[in-house]
Each structure stands twice: as C-alpha cells, then as structure tokens.
Amino acid sequence: MPREYTPLEQVRLEKIRQLREMGIEPYPNRSNRTHTTQQAIEAFLEAERAQQPGPTVTVAGRLRAVRQLGRITFAHIEDGHGRIQLAFQADVLGKDRLKFFNKMFDIGDFLEATGPLFRTRTGEITVRVEDFKMLAKAITPLPAEKRTKHTPFSDPELRYRQRYADLAVHPEVREIFRTRAAIVRALRNFLDAHGFLEVETPILQPLYGGAAARPFITYHNELEQFLYLRISFELYLKRLLVGMFERVYEIGRDFRNEGISFKHNPEFTQLEFYVAYWDYFTLMDFVQEMLRHVAREVLGREQFTFQGHTIDLAQPWPRIPLRQAVLDRTGIDVAEHPDGESLYQAMRAKGIQPPRPAPRGKLIDWLLSTYVEPELIQPTFIYDYPRDISPLAKSKPGDPNTVERFELFIGGMELGNAFTELNDPLDQEQRFLEQGRAFAQDDEERHPMDEDYLQAMRYGMPPNAGFGMGIDRLTMLLTDRPSIREVILFPHLRPEEGTRRPPVGIEPLMRALQQFQREKPASGENREA
RNA sequence: GGGCGCGUAGCUCAAGUGGCAGAGCAGCGGCCUUUUAAGCCGUUGGUUGGGGGUUCGAGUCCCUCCGCGCCCA
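Just so it is clear, the structure is predicted and the values come from calculations on it, not from any experiment. (Residues numbered from 1 in each chain as written. Chains lettered and ligands numbered in written order. Predicted model: local features only at pLDDT ≥ 70, side-chain atom pairs only at ≥ 80, totals over all residues. Heavy atoms only, no water.)

Where do I start with the domain arrangement of chain A in this structure?
Interfaces are often sized by the amount of accessible area the parts lose when they come together. The domain architecture assigned to chain A consists of domain 1 (7-136), domain 2 (171-318 + 378-495 + 502-519) and domain 3 (322-375). Just the C-alpha atoms count here: the centres of domain 1 and domain 3 sit 65 Å apart. (Domains from an automatic or database assignment.)

Teacher, can you tell me more about the side chain of threonine 120 here?
By secondary structure assignment, the location of threonine 120 is in the loop between strand 4 (110-119) and strand 5 (125-128). Classification of threonine 120 as buried rests on a relative accessible area of 12%. Of note is the side chain of threonine 120, whose polar atom sits 3.1 Å from the side chain of threonine 122. Residue contacts for threonine 120: discarding those within four places in its chain leaves Phe74, Gln85 and Thr126. (Helix = DSSP H or I, 4+ residues; strand = E, 2+ residues; numbered from the N terminus. Buried < 20%, exposed > 50% of the residue type's maximum accessible area, 1.4 Å probe, protein only. Polar contact = N/O pair within 3.5 Å; in protein donor to acceptor, adjacent residues only side chain to side chain. Contact = heavy atoms within 4.5 Å.)

Help me understand unusual backbone geometry, please; the structure alone is not making it clear to me.
In terms of backbone geometry, most residues other than glycine have negative phi values and most peptide bonds are trans. Even without being glycine, tyrosine 277 reaches a positive phi, approximately 75°. With respect to the helices, strands and loops of the structure, tyrosine 277 is situated in the loop between strand 12 (267-276) and helix 9 (280-299). In this structure, aspartate 384 is a non-glycine residue whose phi angle is positive, near 75°. Given the relative accessible area of 13%, aspartate 384 is considered buried.

Any chance you could explain the side chain of aspartate 79 here in plain terms?
Mapped onto the secondary structure, aspartate 79 falls in strand 2 (residues 72-79). Looking at aspartate 79, its side chain comes within polar contact range of the side chain of arginine 33, at 3.4 Å. Residues contacting aspartate 79, with those up to four places away along its chain left out, are Arg33, Thr36, Thr37, Ala60 and Gly61.

Honestly, the packing of aromatic side chains in this entry has me stumped. Any pointers?
Two measures describe an aromatic ring pair: the distance that separates the ring centres and the angle between the ring planes. With the rule as written, the count across this model stands at 23 aromatic pairs. Consider the rings of tryptophan 278 and phenylalanine 286, whose centres lie 5.1 Å apart with planes at 65°: the pair is edge-to-face. A relative accessible area of 7% places phenylalanine 286 in the buried class. An aromatic cluster is present here, built from Phe190, Phe196, Tyr249, Phe273, Trp278, Phe286, Trp317, Phe381, Phe406 and Phe467 joined pairwise through their rings. Note that arginine 97 overlies the ring of phenylalanine 132, its terminal NZ or CZ placed 4.2 Å from the centroid. Positioned over the ring face of phenylalanine 118 is arginine 128, at 3.8 Å from the centre of the ring. (Phe/Tyr/Trp six-rings, centres within 6.5 Å; stacked < 30°, edge-to-face > 60°. Lys NZ or Arg CZ within 6 Å of the ring centre and 35° of its normal.)

Would you explain the environment of proline 215 in this entry?
Mapped onto the fold, proline 215 is located in the loop between strand 8 (204-205) and strand 9 (217-220). Overall, proline 215 belongs to the buried group, its relative accessible area being 4%. Along the primary structure proline 215 and arginine 230 are separated by 15 residues, whereas in three dimensions their C-alpha atoms are 7.1 Å apart.

What should I look at first to understand the pairing of strand 20 (residues 464-470) in this one?
Within a regular strand, the side chains alternate between the two sheet faces. Extensive coverage of strand 20 is indicated by the burial of seven of its seven residues. Burial of the side chains of strand 20 extends over both faces: Asn464, Gly466, Gly468 and Gly470 are buried on one face and Ala465, Phe467 and Met469 on the other. Sheet topology places strand 12 next to strand 20; seven bridges connect them, and they run antiparallel. Bridge assignment links phenylalanine 273 to a residue of strand 20, and that residue is phenylalanine 467. (Pairing = 2+ DSSP bridges.)

What am I meant to see in the nonpolar core here?
For soluble globular proteins, the rule of thumb is that nonpolar side chains tend to be buried together. In terms of nonpolar packing, the biggest core is built from 53 residues, with Leu271, Phe273, Met290 and Leu291 touching the most fellow members. Every residue in contact with methionine 290, bar those within four places of it in the chain, is listed here: Leu187, Phe190, Leu191, Leu271, Phe273, Phe467 and Met469. (Core = buried A, V, L, I, M, F, W, Y, C linked by side-chain atoms within 4.5 Å.)

What am I meant to see in the sheet that holds strand 8 here?
Sheet strands associate in pairs through backbone hydrogen bonding, adopting either a parallel or an antiparallel arrangement. Within the open sheet, the three strands sit side by side as 8-10-9. Their pairing is antiparallel. Here the strands that pair on one side only, and so sit at the sheet edges, are strand 8 and strand 9.

Any chance you could explain the packing of helix 8 (residues 234-242) against helix 14 (residues 451-458) here in plain terms?
Angle between the axes and distance between the axes: these two values describe a pair of packed helices. Where helix 8 meets helix 14, the closest approach of the two axes is 9 Å, and the angle between their N-to-C directions is 25°. On the basis of their axis angle, the class for helix 8 and helix 14 is roughly parallel. Every pair of crossing elements has a handedness; the one defined by helix 8 and helix 14 is left-handed. When helix 8 is examined against helix 14, the residues Leu235, Lys238, Arg239 and Val242 are found in contact with a partner set consisting of Asp452, Tyr453, Ala456 and Met457. (Axes fitted to C-alpha atoms, helices over the stretch in contact; angles between N-to-C directions. Parallel < 35°, antiparallel > 145°, perpendicular 65-115°, else oblique. Left-handed = near helix turned anticlockwise from the far one by under 90°.)

I tried to follow a nonpolar patch on the surface on my own but got confused; where do I start?
A surface patch of nonpolar side chains, about 340 Å² in accessible area, is lined by Tyr164, Leu489 and Phe490. Checked against the element boundaries, leucine 489 lands in the loop between helix 15 (471-479) and helix 16 (507-523). For leucine 489, a relative accessible area of 34% translates into the label partly exposed. (Patch = residues over 30% accessible without salt bridge, like charges linked within 9 Å, V, L, I, M, F, W, Y side chains within 5 Å. Areas by Shrake-Rupley, 256 points an atom, 1.4 Å probe, with all protein chains shown as cover. Salt bridge = Lys/Arg side-chain N within 4 Å of Asp/Glu carboxyl O.)

In structure tokens form, the structure reads like this:
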C-alpha cells in the first residue's frame with residue numbers, strides 16, 4: 001500500500017484529475033523534442049551570427065522555476081544538458097492558455113514547449129512559447145524546489161535514501177557520477193592500451209578468498225549449494241594466468257560483510273589486474289603511470305585538492321619499507337619481534353595499547369593503520385609486509401617473515417594493495433595450513449583452504465604480480481568527497497522503521513541449514529586439513 | 001560494539017532555568033507584460049521520529065526503541 005498523500009501532494013493529485021477531465025493525458029507516451037536545451041541555445045547563437053531570426057524549437061525538461069508577472073510568466077526548464085528559459089505571454093498564447101499553465105503546471109513537472117527563440121531585455125536566450133504540453137506530472141514536490149541560498153536540500157539521510165531527488169536538484173552531485181564514469185573509462189583505456197584482457201569472473205563463489213574479510217552467504221536452491229558473494233577477484237584472475245592469459249583485469253563489485261564507515265560500504269567497486277613475469281617493483285612504476293594517466297584524463301592535470309590537501313601525482317612517489325615506516329612513527333622495530341607475543345609486549349612497553357593481543361601480522365597491520373596511514377597524504381608506497389597476513393604473496397628471499405607486498409596510500413587512505421604473487425603450489429598449501437593454525441576457528445578473516453586453486457597452481461603458474469584498487473576511494477580523491485557514500489549512487493543504509501519485511505523465498509535455505517546442522521560432524525564443507 | 005551529537009511544517013531552521021510551536025522558502029487566493037532567490041497583499045499547513053514516565057503543565061527533563069551524522073574499535 002502506498003503511504004498517505006500529504007496535503008501538498010493532494011493538491012497535485014487534484015490537478016491530475018482535472019487534466020484528465022479536460023481530456024489531457026498527464027503522462028503521455030511520447031515527446032516531440034527537437035532540441036536539447038544546449039542545442040537550442042547553440043542553434044540560436046548560430047542564427048544570431050548569421051543575422052537570422054531565432055529558430056523555432058521544441059524543448060523538453062523538468063520545470064525548475066516559475067515567475068508569474070501577470071500577463072507574462074517566465075519559467076526555467078532543465079534537461080540532461082542544461083537549462084533554458086521559457087516565456088509564456090498572454091498576447092501569444094491567449095489569456096486562457098496562460099492561466100492554464102499558471103494553474104496546472106508545478107515546479108518538478110516535465111513538459112515540452114515549442115516556439116521561436118529570442119533574447120529578453122536582459123539578454124537571456126528564451127523560448128517564446130507558442131505551444132506547450134505536459135509530459136509527466138510530478139506529485140511529490142522536489143525538496144528545495146527553489147535553489148535558494150537559504151534553504152539548500154542537505155539532510156544526508158534523505159539525500160542517500162532518495163538519491164533520485166538528490167540528483168534531480170543537485171547538478172554537482174550528478175557531476176560526481178560523471179567523473180566516476182570517466183575514471184573507470186580512463187582505467188580501461190590505459191589497461192587496454194597496455195595489452196590487458198578484460199574478463200568477468202564469478203560473483204557467486206563456492207569458496208571465498210583473496211582478501212581478509214567476512215563474506216556474505218547465499219544459497220542456490222536447485223543445486224542445494226551454499227555460495228559466497230566474492231570478497232575479491234584474486235583467485236579466479238590468477239587461475240587465468242595458469243590458462244596462459246598474460247595480462248588480465250576485472251572491474252567489478254566486491255562484497256564484504258563488515259562495518260560501514262566513511263571509507264567502507266558493504267559492496268564496493270574494485271579493479272584488480274595481474275601480469276605475468278612482473279614483480280611488485282615493476283607494478284609500482286606501472287601503477288604510478290596509470291593513476292597519473294587517470295588524473296590527466298579526468299581532471300586535465302596531475303594535481304588536485306583532497307580535503308584541504310594539495311596532492312601532486314607528478315612528484316616522485318616515496319617507497320618506504322613497512323618496517324621503516326612503523327619504526328619512524330612508533331619507535332618499534334618489528335624486525336626485532338618475530339612473534340606476536342614479543343611484539344605485543346614491546347608495544348605495551350611504549351605505552352601503545354592495541355585493542356587485544358593478536359598474531360604478529362595483525363598487530364603490525366594495526367600499527368600501520370593507526371600511526372602511519374593517516375599521515376600518508378601524498379602518494380606513498382609502503383612495502384614488505386608480514387607473511388602471516390599475506391597468505392597469497394611470495395616470500396622475500398632470505399626473510400621468512402616477510403613477503404613482497406606493497407600498499408599504496410593517498411590522502412590518508414589505503415587505495416591499493418599488491419604482491420609479487422605466490423606461484424609455488426607447495427608453499428601455497430603451507431600458507432593455507434598456517435592460516436588454519438594461526439587464526440581462531442571462528443575467525444572468518446582467516447583465509448580458507450582452496451583445493452581447486454591449488455590444483456590450478458600445480459599445473460604451473462608463471463611468476464606474476466597483481467594489483468587491486470578501490471574505485472570508490474579513487475573517486476573520493478578525484479572529486480574531493482569526504483565520504484564513500486558521496487561517490488556511491490545508492491549507499492547502504494539501515495531500513496527505515498516500518499519497512500523491514502520478512503525475507504521472501506527463504507524456506508529452501510532454512511531447510512538446508514537445518515539439514516547441514518544435523519550432518520555437520522560428517523560432512524562439514526571447507527574443512528581445514 | 002562503545003562515546004558524543006542530531007531528529008520540530010514539503011525544504012532549511014528558530015522556540016532563556018519546563019509556560020500560547022514560530023520564521024523564510026514552497027503551497028493556496030489575489031495584483032502585476034521582461035523576470036532571474038522576481039516583488040506586493042492575504043492565507044492554509046504540526047501526533048515536535050515511535051512508545052512510556054515525571055509534572056498543574058514537556059519540543060524542552062528521565063527511560064526505552066527507531067533512524068541519521070561525527071569520532072573511536
């Protein structure tokens with residue numbers, strides 16, 4: 001059932017009724033637009049240069065402002081390209097038609113108007129309306145119909161819940177998403193130009209992997225199979241290297257069943273690519289070039305402002321070992337602490353209190369994100385990471401606790417993550433087993449054993465390096481937005497009170513779960529060896 | 001998960017230590033043929049997020065639930 005209509009909406013419903021009574025369809029099937037607002041203005045300027053009279057056009061769009069002055073009414077309509085002014089004059093249309101417009105058309109309605117273009121006394125290019133037609137009557141008034149300085153539409157909750165209204169009244173919000181599309185386009189162009197193949201790998205996966213994150217779980221009724229929404233593309237893209245593709249990339253959605261913050265949304269867009277015969281240092285050079293390219297394509301320059309900081313991609317990007325970065329900011333040399341217990345004691349001795357004792361890698365990661373990451377405003381590569389939180393990265397020769405991995409930070413955020421990829425199937429199997437031992441059984445962030453991935457690797461995987469990057473965060477940087485929600489069209493929010501519904505079609509899943517519970521001891525999926 | 005803050009008309013916001021719920025914009029009725037946040041006159045509109053409590057009296061104080069924001073894990 002629809003909600004109750006507000007008094008303002010009832011006024012407009014009454015107008016719909018009256019239009020129909022007059023034989024006028026308030027939602028006709030077709031428009032006869034001949035010009036966008038932009039094309040109309042260009043056509044007028046061309047005629048003006050040729051000293052021709054203004055051409056007659058039919059424009060269409062949403063009514064955004066109305067000024068009634070008695071025997072003339074000025075209005076502005078907006079379409080996807082801009083705005084144009086309409087003049088409804090009694091001595092052109094007749095008094096009755098003018099009155100009809102004034103009474104029946106409201107801000108927010110879509111309409112089309114036909115007439116010759118002219119300049120008003122103040123010089124604005126305007127349609128002298130000879131005919132007009134309702135295209136779609138709006139029932140709910142747009143928030144902040146008048147774009148006044150005093151009453152902007154700014155309630156963040158309403159802006160995200162009703163993004164359509166946000167977009168309808170905020171051209172600058174529409175611009176964010178045009179920029180976002182330009183960023184993705186620039187990335188594709190760059191990768192395609194460098195011989196990469198764009199691929200699509202499963203979103204529904206029998207086993208999740210490739211990152212440390214908790215997954216969403218779903219269920220296929222016909223196959224009677226539990227499935228996960230992917231948390232990364234990594235393991236499938238690397239299977240493709242076994243299949244002799246040398247350079248592959250995917251741009252798509254990842255899903256992580258975790259908290260929501262200014263830089264986290266449960267679903268987000270990721271770029272990952274893998275290159276045979278490269279290592280992580282080759283990648284650093286390439287990533288640097290790629291992001292400079294994107295900035296040039298999207299912004300036209302390699303400098304931009306993010307939250308008051310001027311970020312310059314053209315400057316050299318520092319490369320700092322993780323050990324050094326943590327030592328500089330905390331005075332702790334993680335290399336002196338080969339296990340979690342020792343490192344934990346060292347942190348406490350410095351008065352640094354992590355939330356809880358944890359494995360060595362997790363403690364180092366906590367030090368990194370707490371003391372180092374927020375300081376890294378200019379693009380910076382931090383490299384050489386703890387082995388125990390990087391089960392898919394190749395060890396650094398001669399340093400068993402460290403792997404060849406880097407993360408890229410810009411604007412105080414982690415933007416990308418990369419390794420020289422582990423391609424030794426025996427080492428990989430050991431890593432999976434270590435994950436099973438080092439992490440608690442109920443720690444969903446531990447990387448599960450993936451036997452099929454090992455099988456792929458046993459056929460031989462070329463040495464390679466891979467990179468992953470959050471498109472949403474890159475968009476935040478290039479559009480200077482403080483929150484990931486500003487760059488996601490429909491960010492996730494809690495359901496409003498009264499809109500929670502019982503799930504539809506959940507019965508097969510419930511039956512399967514009960515069955516699974518009964519059979520668990522004998523046939524648990526995803527068992528560790 | 002924890003801390004702080006917020007929720008009042010369609011939108012943006014007011015409303016001393018508890019004392020008649022208001023303004024601008026929009027809406028509705030008028031006047032006005034060159035406006036650009038048009039102007040002028042008049043006017044409608046509220047379960048103050050939901051529920052409970054204290055009180056003669058609650059937007060305001062207390063409890064609880066819901067949602068949102070910021071900070072922390």
